[in-house]
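Listed below are the residues making up each chain.
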Amino acid sequence: MAVTPAMIKELREMTGSGMSDCKKALEEVGGDMKKAVEFLREKGLAAAEKKSGRIAAEGLVSLKIAADNSKAVMVELNCETDFAAKSPAFTEYVDEVVEQLYNSNANELDAFMAEQWAKGGGTVQEVLKSKIATIGENLNIRRFARINNNTGVIASYVHGGGKIGVLLVINSTGDVAKLQEMGKNLCMQIAALFPKYLKTTDVDDAYIADETRILEAAAKNDPANTSKPANVIENMVKGRLNKQLKEICLMEQDYVKDPQMTVKAYIDSVAKEIGAEIDLVSFECFERGAGIEKKQEDFAEEVAKAMQG
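On a predicted model such as this, the values are computed, not experimentally measured, just so you know. (Residues numbered from 1 in each chain as written. Predicted model: local features only at pLDDT ≥ 70, side-chain atom pairs only at ≥ 80, totals over all residues. Heavy atoms only, no water.)

Asks: How do you make sense of the overall build of the chain when you look at a structure like this?
Replies: Each helix and strand in the chain was counted, giving twelve helices and six strands. For the chain, buried positions account for 42% of its 309 residues. Here the analysis covers contacts within the chain between residues at least 6 apart in sequence; of these, 64% occur between residues at least 24 apart. Carbon together with sulfur atoms contributes 50% to the accessible area of the chain, which is approximately 17,300 Å² in total. (Helix = DSSP H or I, 4+ residues; strand = E, 2+ residues; numbered from the N terminus. Buried < 20%, exposed > 50% of the residue type's maximum accessible area, 1.4 Å probe, protein only. Contact = heavy atoms within 4.5 Å. Areas by Shrake-Rupley, 256 points an atom, 1.4 Å probe, with all protein chains shown as cover.)

See the structure below:
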């Protein structure tokens, strides 16, 4: 059977593989579409191992919250290029991973990767390898967060179409709509300023000790402080530490929408408005690709090389 452009297009839409790979697959199996899909999977699964060493720092952060606010999940799934991250094949796969995670009981990544894929086809890890084959880039389910909630609401915010995702648990008996409005504002605050802790009392002693040591050394090494008494330097260090803690603790930060008040003051104002106490329980914030060393590539050059065969 002669291989036509329409057949190549159909196979590409079915598998997400490259045009040249689809053409070769159809030629190898005499135009049989089902066998061509199998051919690409077999060829791609072998290629997936080669792709696994390539840097995957793009992708999406996605989340899902139960309608009754009883639970929520968030996942970061990486690929190599922004082009692939926007493709239907990748975005649909991200949705499937979120759904799998939402219905899973796994709390560790290894356990999640080892469980059976709900739609069949092996484990989560094995299906990931097949997606690497069809999408044609290294993919990685990097991390996930799971939240179980008994009271109050779970607020969320996804920035930039999946560049940053935030979940926030709020404990309160107040008006749900008002709490959700406040929660979204606070999630946007978290996405903008990336606090490490909810409040200063949550900061671990080791962090404070390390930062104090660093600030003391910096102050003593500053020539401008040579003639200053020890108590002055000590107060200087305390002041700088408090300023730093204010930057990394959500409740102490200046509220982005109204810098004249702190986040705590904003929460207190909402609590007064709804006539109920509000307690922030916890938050999760994922920034896509954070901490992954990205390789700088010339995409136009990569396309040119592909066109040359």
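Asks: What is the right way to look at the sheet that holds strand β6 (residues 279–287) in this model?
Replies: The strands that make up a sheet are held in pairs by hydrogen bonds between backbone atoms, and each pair lies either parallel or antiparallel. Sheet architecture is open: three strands sit in the order β4-β5-β6, paired in antiparallel fashion. The sheet terminates laterally at β4 (153–159) and β6, the two strands that pair on one side only. The sheet shows a mean angle of 10 degrees between the axes of neighbouring strands, taken without regard to direction. Where β4 lies against strand β5 (residues 164–171), seven bridges are found, and the strand directions are antiparallel. Looking at β5, one finds that A155 is bridged to L168. In the packing of helix α8 (residues 176–193) onto the sheet, the strands contacted are β4, β5 and β6, and the crossing angle to β4 comes to about 40 degrees. (Pairing = 2+ DSSP bridges. Axes fitted to C-alpha atoms, helices over the stretch in contact; angles between N-to-C directions.)

Asks: Is there a simple way to think about helix α2 (residues 19–28) in this case?
Replies: Along an α-helix, a turn takes 3.6 residues, which lines up residues three or four apart on a common side. Buried within α2 we find C22, A25 and L26. Projection of α2 onto a plane perpendicular to its axis shows the buried side chains occupying an angular sector of 95 degrees, all on one side. Every exposed residue of α2 that faces more than 90 degrees away from the buried side is listed here: S20 and E28. Following α2 by one or two positions, G30 has its phi on the positive side, about 70 degrees. (Arc of directions from axis to C-beta.)

Asks: Please explain the environment of V263 as it appears in this structure.
Replies: Of note, V263 is situated in helix α11 (residues 263–274). Note on V263: relative accessible area 0%, which makes it buried. C-alpha separation for the pair V263 and Q253, spaced ten residues apart in sequence, amounts to 5.9 Å. Each residue touching V263, except ones within four places of it in the same chain, is listed here: L186, Q189, L250, M251, Q253 and Y255.

Asks: How should I be thinking about the side chain of E80 in this particular structure?
Replies: In this structure, E80 sits in the loop between β2 (71–79) and α4 (82–85). Engagement of the side chain of E80 in a polar contact is seen with the backbone nitrogen of N138, the distance being 2.6 Å. (Polar contact = N/O pair within 3.5 Å; in protein donor to acceptor, adjacent residues only side chain to side chain.)

Asks: Explain the state of the cysteines here, please?
Replies: Formally, a disulfide is one covalent bond, and it connects the sulfur atom of one cysteine to the sulfur atom of another. Here the structure, examined in full by the defined rule, presents zero disulfides. C187 takes part in no disulfide bond, and the closest cysteine sulfur, belonging to C285, lies 9.0 Å away. (Disulfide = S-S within 2.5 Å.)

Asks: Explanation requested: unusual backbone geometry in the structure shown.
Replies: Trans is the common state for peptide bonds, and a negative phi is the common state for residues other than glycine. The backbone of N69 shows a phi angle near 65 degrees, a positive value even though the residue is not glycine. Tracing the backbone through its elements, the reader meets N69 in the loop between β1 (58–65) and β2. Under the relative-accessibility criterion, N69 is labelled buried at 10%.

Asks: Help me understand the environment of A84, please; the structure alone is not making it clear to me.
Replies: Along the polypeptide, A84 turns up in helix α4. Residue classification places A84 among the buried residues on the basis of a relative accessible area of 5%. For the pair A84 and G59, spaced 25 residues apart in the sequence, the C-alpha separation amounts to 7.8 Å. With residues near it in sequence (within four places) discarded, A84 still touches C79, F90, I135 and E137.

Asks: Looking at this model, I keep getting lost on the packing of helix α9 (residues 205–221) against helix α10 (residues 230–248). Mind explaining?
Replies: A pair of packed helices can be characterised by two numbers: the angle between their axes and the separation between those axes. At a minimum axis distance of 9 Å, the contact between α9 and α10 shows a crossing angle of 130 degrees. Taken together, the axis directions place α9 and α10 in an arrangement best described as oblique. α10 is crossed by α9, and the crossing has right-handed handedness. Side by side, α9 and α10 meet where Y207, I208, E211, T212, L215, E216 and A219 of the first sit next to I233, V237, R240, L241, Q244, L245 and I248 of the second. Here the residues of the contact of α9 with α10 sort into nine nonpolar, two polar and three charged. (Parallel < 35°, antiparallel > 145°, perpendicular 65-115°, else oblique. Left-handed = near helix turned anticlockwise from the far one by under 90°. Nonpolar A, V, L, I, M, F, W, Y, C, P; charged D, E, K, R; others polar.)

Asks: Would you mind going over α8 with me for this structure?
Replies: Between the first and last C-alpha of α8 there are 25 Å, a value that for 18 residues agrees with the 26 Å anticipated at 1.5 Å per step. Among the residues making up α8, those that are buried are L179, M182, G183, N185, L186, C187, Q189, I190 and A191. Among the structural elements, β4, β5, α11 and β6 are those in contact with the buried residues of α8. Taking the backbone nitrogen of A177 as reference, a side-chain oxygen 3.3 Å away marks D175 as the first, capping residue of α8. (Expected span 1.5 Å × (residues − 1).)

Asks: Would you mind showing me how to read the packing of aromatic side chains here?
Replies: The description of an aromatic ring pair uses the distance of the two centres, along with the angle that the planes make with each other. Across all of its chains, the model carries four aromatic pairs by this definition. Between F112 and F144, the ring centres sit 5.8 Å apart and the planes meet at 65 degrees, which makes this aromatic pair edge-to-face. One end of the pair, F112, is in helix α6 (residues 109–114); the other, F144, is in strand β3 (residues 140–148), with 32 residues separating them in the sequence. Neither residue differs from the other here; F112 and F144 are each classed as buried. Arranged with centres 6.1 Å apart and planes meeting at 65 degrees, the rings of Y197 and Y207 form a pair that is edge-to-face. One end of the pair, Y197, is in the loop between α8 and α9; the other, Y207, is in helix α9, with ten residues separating them in the sequence. A single burial state applies to Y197 and to Y207, both of which are buried. The ring of Y102 has K64 lying over it, and the distance from NZ or CZ to the ring centre is 4.3 Å. In this arrangement the basic side chain of K71 is found over the ring face of Y102, its NZ or CZ atom lying 4.1 Å from the centre. (Phe/Tyr/Trp six-rings, centres within 6.5 Å; stacked < 30°, edge-to-face > 60°. Lys NZ or Arg CZ within 6 Å of the ring centre and 35° of its normal.)

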